[in-house]
Amino acid sequence: MRKFSYLFLFFLVFASCQPKLTYPTEGVNNLNLNSLLTLEVGENKVFLQDFILNVSEIDSVTASSQLLKVKIADDKTTAMFFVDASMEQMVDVQIWVKGVPFSVPCRKTDKVDYVFSFNPQGKVFKKVQIAGQMNDWTPSRMPDLALNNNGLYEITMNLSPGSYLYQMAIDGDQNHDPNNPNKVDNGFGKFNSILQIAGRNDSFPQLLTDEFENNKIKLSTQNKINTAFVYWQNYRLPDNFVVIENNKIIFDIPAEARALERSYLRVWASNDFGVSNDILIPLQNGEVLTDGNQLQRTDKHAQIMYFMLLDRFMNGDKTNDRPLNLPDVKHAADFWGGDLAGLQQKIAAGYFEKLGVNTLWVSPLNQNPLEPYGYSAIGKTKFSGYHGYWPVSSSKVDFRFGTNNELKTLVATAHDNKMNVLLDYVANHVHEGHPLCKQHPEFATQLVLPDGTLNVAKWDEYRLTTWFDTFMPSLDYSNPKVVEMMTDSALFWLKEFKLDGFRHDACKHINEEFWRTLTLKMKRELNGNLPYQIGETYGSSKLISSYLTTGMLDGQFDFNVYDIANTTFAGMGGGDLTRVQDVFRSSLNIFGTHNLMGYISGNHDKPRFMALASGDIKPGEDSKVVAWTRQIGITDSTAYDKFLLFHAFNLTIPGIPVIYYGDEIGMTGANDPDCRRMMRFDGWNKRETKLWNSVATLTHLRKNNPVLVYGDVINIETKPETWVYARKYFCKEAIVFINNSAKSSTFEVELPKSLKTEKLKATFGSKFDSKSKKIVLTLPAYGVEVLIN
């Protein structure tokens, strides 16, 4: 640690004894960090059971602001929070349980009224609507645009600052906005336009980790601070712990922290303009965690995830191969033999340890039907259930993947190798062959709508009731019996196989009652220790974040960042990194700097990155059609370099990086099923080997350096083709340079005062000069470098 300021030394001397909170360190209400709530002006329904296990023990709920009123329901499971428009930007709410205050940090919404205009170019239309991330792609959720006196169609929308993808729906035809040149390929033969709503000015507080010694921590700040909110676990530190002076926040680690192997400090600050970024500091027995060797697989933020579609990963036991081999099922839609035995072999062989991942997300394992279902008119084929998403059993592993005992052995082996196993759990629907459909047909939602049409694939209009196909009944979670049954099923898989959590399929199509009940049961059954849960939701940030609370999910996949980063690094639609930075910054504002969102390299429902980056899929093409109509190869090998940029981005930002199987070597393919080719473990060419080695270098860099897990984010310089940003965790720093250009680029960047240039090393061996506060570095075309101390 560098020398402390006199001010800091004064406080070290002043506090010769480490102060205590005199609150209990253990207990289920203090195990899981209470999530930050964003409150709308007016009424807000808050579920107290998200934060307190036994709500009957609640004494009262108080707030640090008189402009926030609280009314507790008679059963104490919920409370109404009434927010005055003039309330402070952030407040602390305390839920008192037997005289102990458990805090819930709350911030006021940052939404603004934005007037959106559409120029009809002199034409008159009957119906002009907007469909996009601001209304979950459902035009009917907003009023139609009205024609004003200037000949423009307009609408006022109340939205948070950030980037929104959208299309115009004009007299029944939906496509990108012809007046807006900023657009990205949507992968389905059309484009999405980009709406950028200006963010708040830079006058809100900005926090950075600065120094620590003994039991004192110092943060540096930018801009005025009205109030600091410092928490240890779910206790807000009282005033005698915290000092704000000379753009510094200085506070004590409470003595109680020494009793816990892992606990956390969290900090926010507010002023009249808004709320700061969040600070997250992990503690090891009361001391700041600084060594990557101290990280454990149970540290959720330190996860590096790997997702495999089991049938397409590794065939380790040919005796359980049972392809349908039917004339109406094409090979691409049949079982290929991947199984638990194959995955077990790769764990034991150290493949994942060498790659640097520590969490395995396995596709659904439930027994699936023995007959083919569905039909692709383009591919002219029916499908087997090789993917696992058509469950006909709620407790049995599909025999084509293995046995229940094999799954138990696999999880135990993973744990022995310090890895987590997450199961892809399907709660939204069952297959019509599931016994439940015959025993309780009333448990399904209605297939036929009142207007006589089928409620199939109406993803947004009938979000909570739509069926995925006519043979897949969606379960009716407005029925308490369904909630009880399916949460018990999920809990069975978790406990029976000692899993470490779930990836939840089709999250947005399931009522909140399911998620709250499941998480509550987990708390009760697992002594308050919640496993990691991540959901799949395509939609607005508001919809995605509505599932993120201590009482539901830890994270969701950030498809908004993925969509823009994927097309930009692939060179689709201009490849402007400033747009990626805008969306990324918006996500950090919404989900937090230290979020548990998933940042994917690809998945089984998307065309492979390599197919886009190599130009084998053209902008505006429907990648699903391409999957069935032509063979996709790699005609431009620079795609491997572009993919490393995308991997480097995912592995150096906050959140949980997720590698889709095969992306570590740059496998290619169009959309489903072409993006689900069999994983290859040998015969790699030089480009594939180089990419694998580079990805492994980045994963191990992240595993060994907490700055890439818990570090603050500092944007240094963003241009359309280059980007420089940094992570800072006290004296540890990592500076990322990205050149997303077909030409070499020389960076000459002035570092902010908060960063140093001492003892920096280049991860990939680039030569650089660092003098005073300036770094000069040259990267080749599509090059990346991470300087780290």
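Thresholds applied
Residues numbered from 1 in each chain as written. Predicted model: local features only at pLDDT ≥ 70, side-chain atom pairs only at ≥ 80, totals over all residues. Heavy atoms only, no water. Helix = DSSP H or I, 4+ residues; strand = E, 2+ residues; numbered from the N terminus. Rg over C-alpha atoms; globule rule 2.2 N^0.38 Å. Buried < 20%, exposed > 50% of the residue type's maximum accessible area, 1.4 Å probe, protein only. Areas by Shrake-Rupley, 256 points an atom, 1.4 Å probe, with all protein chains shown as cover. Lys, Arg positive; Asp, Glu negative; His and termini not counted. Charge placed at Lys NZ, Arg CZ, Asp CG, Glu CD. Polar contact = N/O pair within 3.5 Å; in protein donor to acceptor, adjacent residues only side chain to side chain. Contact = heavy atoms within 4.5 Å. Axes fitted to C-alpha atoms, helices over the stretch in contact; angles between N-to-C directions. Parallel < 35°, antiparallel > 145°, perpendicular 65-115°, else oblique. Left-handed = near helix turned anticlockwise from the far one by under 90°. Nonpolar A, V, L, I, M, F, W, Y, C, P; charged D, E, K, R; others polar. Pairing = 2+ DSSP bridges. Salt bridge = Lys/Arg side-chain N within 4 Å of Asp/Glu carboxyl O. pLDDT = per-residue confidence, 0-100. Core = buried A, V, L, I, M, F, W, Y, C linked by side-chain atoms within 4.5 Å.

## Regarding the overall build of the chain
Scanning the chain for helices and strands turns up 15 helices and 43 strands. Computed over its C-alpha atoms, the radius of gyration of the chain comes to 26 Å, within 12% of the 28 Å expected for a compact globule of 789 residues. In terms of its C-alpha atoms, the chain occupies a principal-axis envelope of roughly 80 × 70 × 65 Å. With 789 residues in all, the chain has 59% of them scored as buried. When the accessible surface of the chain is summed, it comes to about 31100 Å², and 50% of that surface belongs to carbon and sulfur atoms. Measuring between centres, the 82 positive side-chain charges of the chain sit 4 Å from its 88 negative side-chain charges.

## Here's the deal with the side chain of E688
Positionally, E688 belongs in helix α14 (residues 686-704). On the basis of relative accessibility, which here comes to 5%, the residue E688 falls in the buried class. Side chain to side chain, E688 and R680 meet in a polar contact 2.3 Å long. Contact partners of E688, with chain neighbours within four places excluded, come to Y640, E664, I665, R680 and G683.

## Some thoughts on the packing of helix α9 (residues 559-569) against helix α13 (residues 638-652)
Between α9 and α13, the shortest axis-to-axis distance is 9 Å and the interhelical angle comes to 150 degrees. Of the possible angle classes, the one that applies to α9 and α13 is roughly antiparallel. α13 is crossed by α9, and the crossing has right-handed handedness. Residues V561, Y562, A565, N566 and F569 of α9 pack against K642, L645, F646 and F649 of α13. When grouped by side-chain class, the residues that make up the contact of α9 with α13 number 7 nonpolar, 1 polar and 1 charged.

## Notes on the sheet that holds strand β1 (residues 37-39)
The strands that make up a sheet are held in pairs by hydrogen bonds between backbone atoms, and each pair lies either parallel or antiparallel. Across the sheet, 4 strands lie side by side as β1-β7-β6-β3; this open sheet has mixed pairing. Looking along the sheet, the strands with just one partner apiece sit at the ends: β1 and β3 (58-63). Strand-to-strand twist of the sheet, defined as the mean angle between neighbouring strand axes without regard to direction, takes the value 30 degrees. Where β3 meets strand β6 (residues 90-97), 5 bridges bridge the pair, whose relative direction is antiparallel. Its bridge partner being in β6, V61 is matched across the sheet by I95.

## Topic: the pattern of salt bridges
What the rule picks out here adds up to 32 salt bridges. In this structure, K111 engages E40 in a salt bridge whose closest nitrogen and oxygen atoms are separated by 3.4 Å. A residue pair is termed long-range when its members are at least 10 positions apart, and K111 in the loop between β7 (100-108) and β8 (112-118) and E40 in the loop between β1 and β2 (42-47) qualify at 71 residues. Under the relative-accessibility criterion, K111 is labelled partly exposed at 23%. The salt bridge partner of E525 is K495, with a shortest N-O separation of 2.7 Å. With E525 in helix α7 (residues 512-525) and K495 in helix α6 (residues 480-496), the pair connects residues that are 30 residues apart, well separated along the chain. Given a relative accessible area of 42%, E525 falls into the partly exposed group. According to the relative accessible area criterion, K495 is partly exposed, its value standing at 40%.

## With respect to helix α2 (residues 340-348)
Counting buried residues in α2 gives 7 out of 9 residues, a clear majority hidden from the surface. Just downstream of α2 lies G350, where phi reads positive at about 85 degrees.

## Structural notes on the confidence of the model for the chain
Averaged over all residues, the pLDDT of the chain equals 95, while 97% of them reach at least 70. Scored below 50 in pLDDT, residues 1-16 shows 26 contacts in the model against residues more than four places distant or in partner chains.

## What to know about the environment of T763
The topology assignment puts T763 in the loop between β40 (761-762) and β41 (768-771). At a separation of 2.7 Å, a polar atom in the side chain of T763 contacts the main-chain carbonyl oxygen of V786.

## So, the nonpolar core
Residues F251, Y306, F352 and F649 are the most contacted members of the largest nonpolar core, which totals 197 residues. A per-element tally of this core places α13 first, with 9 residues. For F251, the residues in contact, after removing those within four places along its chain, are N215, K216, I217, L219, V230, L237, F241, V242, L265, V267 and I281. Among the nonpolar cores identified, the runner-up in size contains 17 residues, and M134, Y153, I155 and Y164 belong to it.

## Description of the side chain of R516
Within the secondary structure, R516 sits in helix α7. What makes R516 buried here is its relative accessible area of 16%. Of the polar contacts made by the side chain of R516, one reaches the side chain of D50; its length is 2.9 Å.

## Structural notes on the environment of G765
For G765, the location among the structural elements is in the loop between β40 and β41. When the C-alpha atoms of G765 and V786 are compared, they prove to be 9.3 Å apart, with 21 residues separating the residues in sequence.

## Section: the sheet that holds strand β36 (residues 712-718)
Taken in spatial order, the 5 strands of this open sheet run β36-β37-β38-β43-β40, and their pairing is antiparallel. Strands with a single pairing partner mark the edges of an open sheet, and in this sheet they are β36 and β40.

## Some remarks on unusual backbone geometry
Here the residue pair D672 and P673 is connected by a cis peptide bond, since its omega of 10 degrees sits within 30 degrees of zero. Secondary-structure assignment places P673 in the loop between β35 (656-660) and α14. Phi is positive for K98, close to 50 degrees, though the residue is something other than glycine. Inspection of the secondary structure assignment puts K98 in the loop between β6 and β7. A relative accessible area of 62% places K98 in the exposed class. Within the chain, K380 stands out as a residue other than glycine whose phi angle is a positive 55 degrees. Within the secondary structure, K380 sits in the loop between β28 (373-376) and β29 (381-383). Taking the relative accessible area as the measure of exposure, K380 reaches 61% and is therefore exposed.

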